[in-house]
Amino acid sequence: MAKSDDLYVAEQALYEHLLDLVKVEQPDRLLDRFRSLFVQGSGYPDPEIAAIVRQISRIDEAEREFNSVLNRCCHILINHWQMDSKSQAAIPQLVSTIDTSGERRMHSREARRLQLLLGQFKESEEFVTLQRLVQVVDRTEDRSQPPEQRPLSTLIGRYPYLYNHSLLSDSSSYEHQQTIQQLQAKKQRQYEIHLSKYVTYKVRRAQLARQNPKLLKNQRIIKPVRNPTLLEDRELYLAVKQFAGRAEGSYTYKDLAQNFRTHTSQTRTYREFKEDLFEYLITTVDEEYGKRQFYEKLYQHLMNTLPQCDNQKPTDFLIIRTCSQLLNFLVVESPQNPNHYVLIDLLSNIGPTFVMALLLKILLICRKVRPHLEKRFAILFDHYDQSTREAVQWLIKSLENLQVALSTNFGSADLSVVSQAS
């Protein structure tokens with residue numbers, strides 16, 4: 001049902017009201033206003049604005065409309081607070097205000113109606129997205145549980161490449177999309193700087209250890225740098241060497257991708273392209289494991305992809321479709337069909353670094369499918385977001401390795417010093 005003109009005008013007035021207030025009022029005052037307007041349902045200093053919320057709560061489709069309006073109102077405040085580091089602490093307080101609503105019985109009918117709608121909002125995807133956003137911006141750490149017992153969802157801030165899929169929805173406003181993109185760029189830049197510093201630190205330590213091990217104890221000579229990943233040092237070293245250094249013989253993955261693109265630019269048919277793609281990919285997979293079943297499954301998947309086009313010349317469209325369907329096969333298909341047996345089997349047999357290398361090789365020959373790959377891992381993250389970190393170590397190792405792979409091949413992380421390490 002189309003929204004009435006009167007309701008549309010009223011909602012715009014509510015948004016404009018909050019947009020004006022957020023520019024001039026302190027966050028604690030705005031939080032008080034928010035509680036009065038959306039939680040208590042009484043005592044709001046602007047009667048006309050309070051009347052708008054009551055109007056929304058009474059319409060036939062109140063739940064859907066209330067969710068949309070409340071979500072937009074939250075993001076109006078969040079988008080402004082996010083720009084000022086002094087105001088960012090108000091973001092988790094705002095979400096907590098919603099989360100703890102309903103803890104005391106309201107007396108008025110209007111307040112009970114709001115309480116019911118807030119309870120329904122807390123079950124919505126919009127609220128899940130707000131909770132994830134808190135994990136990105138909140139600098140305080142919950143120490144009530146050991147890290148391994150905390151849910152996977154608390155790690156969302158570590159993976160900027162998931163933000164577009166885990167922190168945005170189809171209904172996200174343009175302003176909120178901009179906020180998330182700015183957050184994403186900032187977090188990615190910070191990660192790349194920290195990764196570069198850590199790798200440089202480890203290489204210099206290794207050089208110093210060879211020259212004069214006693215100097216390692218002098219922190220003025222070489223200041224310690226914290227590992228910015230959740231990988232052990234040895235795992236990180238393997239990942240950096242693999243993704244930033246020579247991966248196969250004297251070739252980097254970028255070299256191999258360039259060679260593949262050059263070779264297949266002369267390929268006459270789509271079927272020949274798929275044959276070449278199979279050969280390009282399998283060099284990353286341990287041969288003993290591959291020959292058991294994986295090579296055959298991969299080959300059959302490729303041959304069954306758009307077979308009606310086998311005699312056509314490969315086009316950009318065909319290459320993009322092939323690579324996106326390949327990522328579905330190797331990672332996960334969809335939220336509706338979240339089976340990921342192939343990924344689990346690969347991880348168990350060749351390990352997360354080489355699995356991410358396999359996916360990286362696909363991205364490097366068809367960069368347009370990068371959002372599709374990021375979406376695959378967002379699906380897995382959503383699927384397991386309430387699992388303990390301890391229970392999904394395989395996924396965390398994958399996410400961490402993928403972060404290194406993307407940063408070294410598509411970001412600005414300078415890890416050239418790794419070639420100096422032994």
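Check the entry above for the structure.
These figures come from a predicted structure and were not determined experimentally. Here, residues in each chain are numbered from 1, in the same order as that chain's written sequence. The predicted nature of this model means local features are confined to residues of pLDDT at least 70 and side-chain atom pairs, given and counted, to a pLDDT of 80 or more, with totals for whole chains, interfaces and linings taken over all residues. Note: side-chain values were computed over all heavy atoms of the structure, leaving out hydrogens and water.

Draft legend 1. Summary view of the environment of leucine 77. For helices the rule is a DSSP run of H or I covering at least 4 residues; for strands it is a run of E covering at least 2, with both sets numbered from the N terminus onward. Mapped onto the secondary structure, leucine 77 falls in helix 4 (residues 62–81). Leucine 77 gets classed as buried once you look at its relative accessible area, which sits at 2%. Along the backbone, leucine 77 and serine 173 are 96 residues apart, and their C-alpha atoms lie at a distance of 13 Å. Any two residues whose heavy atoms approach within 4.5 Å are treated as being in contact. Apart from the residues within four sequence positions on either side, leucine 77 is in contact with Val22, Leu30, Phe34 and Leu94. Per-residue accessibility, obtained with a 1.4 Å probe over protein chains only, is compared with the maximum for each type, and a residue is labelled buried under 20%, exposed over 50%, and partly exposed between these values.

Draft legend 2. Quick look at the layout of surface pockets. In this structure, the largest pocket spans a volume of roughly 1500 Å³. For the largest pocket, the lining is made up of 43 residues, of which Gln135, Val136, Asp138, Thr154 and Gly157 are closest to its centre. It is helix 7 (residues 125–137) that contributes the most residues to the lining of the largest pocket, 7 residues altogether. Three classes are used, and their members are as follows: Ala, Val, Leu, Ile, Met, Phe, Trp, Tyr, Cys and Pro are nonpolar, Asp, Glu, Lys and Arg are charged, and the others, Gly among them, are polar. For the lining of the largest pocket, the per-class residue count stands at 14 nonpolar, 16 polar and 13 charged. The method works on a 1 Å grid over the protein atoms by themselves. A cavity is a set of points holding a 1.4 Å probe that cannot get out, a pocket is an open set with protein on both sides within 12 Å along at least five of seven lines, and residues with an atom within 4 Å of a point line them. Grid points are joined across faces, edges and corners, and a volume is the space filled by probe spheres set on the points. Approximately 530 Å³ is the volume attributed to the second largest pocket. Of all the secondary structure elements, the ones that give two or more residues to the lining of the second largest pocket are helix 4, helix 7, helix 8 (163–166), helix 9 (174–211) and helix 17 (370–383). Across the lining of the second largest pocket, the residue classes break down as 7 nonpolar, 12 polar and 7 charged.

Draft legend 3. The environment of glutamate 333, seen in detail. Structurally, the position occupied by glutamate 333 is in the loop between helix 14 (316–330) and helix 15 (341–350). On the basis of relative accessible area, glutamate 333 is assigned to the partly exposed category, the value being 43%. Separated by 43 residues in sequence, glutamate 333 and arginine 376 have C-alpha atoms that sit 7.2 Å apart. Those residues in contact with glutamate 333 that lie beyond four places of it in its chain are Asn328, Asn339, Arg376 and Ile379. At 3.4 Å, the side chain of glutamate 333 forms a polar contact with the side chain of asparagine 337. Polar contacts, as counted here, are pairs of nitrogen or oxygen atoms within 3.5 Å of one another; within protein the pair requires one atom able to donate a hydrogen and one able to accept it, and residues that are adjacent in sequence qualify only if both atoms are side-chain atoms.

Draft legend 4. Layout of the nonpolar core. In this structure, Leu330 and Phe377 are the most contacted members of the largest nonpolar core, which totals 132 residues. The residues contacting leucine 330, other than those within four sequence positions of it, are Phe294, Val342, Leu343, Leu346, Leu358, Leu359 and Ile362. Throughout this description, the term nonpolar core refers to a set of buried Ala, Val, Leu, Ile, Met, Phe, Trp, Tyr and Cys residues connected via side-chain atoms within 4.5 Å.

Draft legend 5. Here's a closer look at the side chain of serine 36. In this fold, serine 36 is placed in helix 2 (residues 27–40). Judged by its relative accessible area of 7%, serine 36 is buried. Within polar-contact distance, the side chain of serine 36 engages the backbone oxygen of serine 42 at 2.8 Å. The contact partners of serine 36, leaving out residues within four places of it in the chain, are Gly41, Ser42, Gly43 and Tyr44.

Draft legend 6. Region of interest: empty space enclosed by the protein. One pass over the full model with this rule turns up 1 cavity of 30 Å³ or more. One number sums up the size of the largest cavity: a volume of about 50 Å³. The element best represented in the lining of the largest cavity is helix 2, accounting for 5 residues. Residue composition of the lining of the largest cavity, by class: 7 nonpolar, no polar and 1 charged.

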